[in-house]
Amino acid sequence: MNVQTGQTGTQKPLVAFEDEITDLCRDDKYGKIAESFATFVASHPGTSYLAFEPIPAKISDHLIKKTHSPAAFMTMTIRKPTWTDELRKALKDPKALETYVASLEADVQAIAKQTKK
């Protein structure tokens, strides 16, 4: 799933973008993800679907690692089946994305606490 519109160093642009998203998730810089997404899509027209596609997976992977509770994350996704649609909407504004991902993390942590009782 690479965009063939040129290369950045030795990586194709979409691969470099995905690596950047991974790094930003690791550092909890969700607002920067929104900024990076907007920049990537503006400089690579017609790629918004391809650019968005890995973001929910990168965020879910990070939240699972951060909360140490894959079961709680899965429960959250069952309770919020439109979470990726909401994520897409929040991606339009860095502050909104930060707030939304923080709410997802809080939900996962709350579910994890409930199951440990």
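Just above, that's the structure.
A short tour of the structure in this document, coming up. All of these numbers come straight from a predicted model, not from anything done at the bench. Sequence order sets the numbering: in each chain, residues are counted from 1 along the sequence as written. Residues qualify for local features only when their pLDDT is at least 70, as the model is predicted, and side-chain atom pairs are given and counted only at 80 or more; totals for whole chains, interfaces and linings, by contrast, use all residues. Hydrogen atoms and water are omitted, and side-chain values are computed over all heavy atoms in the structure.

Considerations on the packing of helix α2 (residues 30–43) against helix α7 (residues 94–116)
Between two packed helices, the angle of one axis relative to the other and the distance separating the axes together describe the packing.
Thinking step 1. Orientation is described by axes fitted as lines to C-alpha atoms, over the contacting stretch for helices, and by angles from 0 to 180 degrees between their N-to-C directions. A run of DSSP states H or I qualifies as a helix once it reaches four residues; a run of E qualifies as a strand once it reaches two. Both are numbered from the N-terminal end. Closest axis-to-axis distance for the α2/α7 pair is 7 Å, and the angle between their directions is 135°. One finds that α2 runs oblique with respect to α7. As for the relative orientation of α2 and α7, their crossing is right-handed in sense. Seen from α2, the contacting residues are Tyr 30, Gly 31, Ile 33, Ala 34 and Glu 35; seen from α7, they are Pro 94, Leu 97, Glu 98 and Val 101. Each angle gets one of four labels, with under 35 degrees taken as roughly parallel, over 145 as roughly antiparallel, 65 to 115 as roughly perpendicular, and the rest as oblique. By convention, the crossing between two helices is left-handed when the near helix turns anticlockwise from the far helix through less than a right angle, and right-handed when the turn is clockwise. The contact criterion used throughout is that any non-hydrogen atoms of two residues lie within 4.5 Å.

Quick word on the packing of helix α1 (residues 13–26) against α2
Thinking step 1. Between α1 and α2, the shortest axis-to-axis distance is 9 Å and the interhelical angle comes to 165°. In terms of their interaxial angle, α1 and α2 are classed as roughly antiparallel. Handedness of the α1/α2 crossing: right-handed. Listed contacts from α2 to Pro 13, Leu 14, Phe 17, Glu 20, Ile 21, Leu 24 and Cys 25 of α1 are Tyr 30, Lys 32, Ile 33, Ser 36, Phe 37 and Phe 40.
Thinking step 2. Looking at the contact of α1 with α2 residue by residue, the class counts come to 10 nonpolar, one polar and two charged. Side-chain classes are defined by residue name, with Ala, Val, Leu, Ile, Met, Phe, Trp, Tyr, Cys and Pro counting as nonpolar, Asp, Glu, Lys and Arg as charged, and the others, Gly among them, as polar.

Some details on the environment of Tyr 30
Thinking step 1. Note that Tyr 30 resides in helix α2.
Thinking step 2. Spatially, the C-alpha atoms of Tyr 30 and Tyr 100 are 9.3 Å apart, while their sequence positions differ by 70 residues.
Thinking step 3. Beyond its immediate chain neighbours, meaning those up to four positions away, Tyr 30 contacts Cys 25, His 62, Leu 63, Leu 97, Glu 98 and Val 101.

Considerations on helix α5 (residues 70–79)
Thinking step 1. Among the residues making up α5, those that are buried are Ala 72, Phe 73, Met 76 and Thr 77. Looking straight down α5, one finds that the buried residues subtend no more than 140° of arc, so they occupy a single side. For α5, exposure combined with an orientation more than 90 degrees from the buried face picks out Ala 71, Ile 78 and Arg 79.
Thinking step 2. Those residues of α5 that are buried are in contact with α4 (54–67), α6 (83–90) and α7. Buried residues are those whose accessible area, probed at 1.4 Å on protein chains only, stays under 20% of the maximum for their type, while exposed residues exceed 50% and partly exposed ones sit between those limits. The directions considered for the arc are those from the helix axis to the C-beta atoms.

Comments concerning the side chain of Thr 77
Thinking step 1. As for its placement among the helices and strands, Thr 77 is situated in helix α5.
Thinking step 2. Thr 77 sits in the buried class, given a relative accessible area of 17%.
Thinking step 3. Within the structure, Thr 77 has its side chain in polar contact with the backbone oxygen of Met 74 (distance 2.7 Å). Pairs of N or O atoms are called polar contacts if they sit within 3.5 Å, as long as, within protein, a hydrogen donor faces a hydrogen acceptor (for residues adjacent in sequence, only side-chain-to-side-chain pairs).

Structural notes on α7
Thinking step 1. What a helix is expected to span follows from its residue count: subtract one and scale by 1.5 Å. In this model α7 runs 33 Å from its N-terminal to its C-terminal C-alpha over 23 residues, within 8% of the 33 Å that 1.5 Å per residue would give.
Thinking step 2. Restricting attention to buried positions, one finds in α7 the residues Leu 97, Tyr 100, Val 101, Leu 104, Glu 105, Val 108, Ile 111 and Ala 112.

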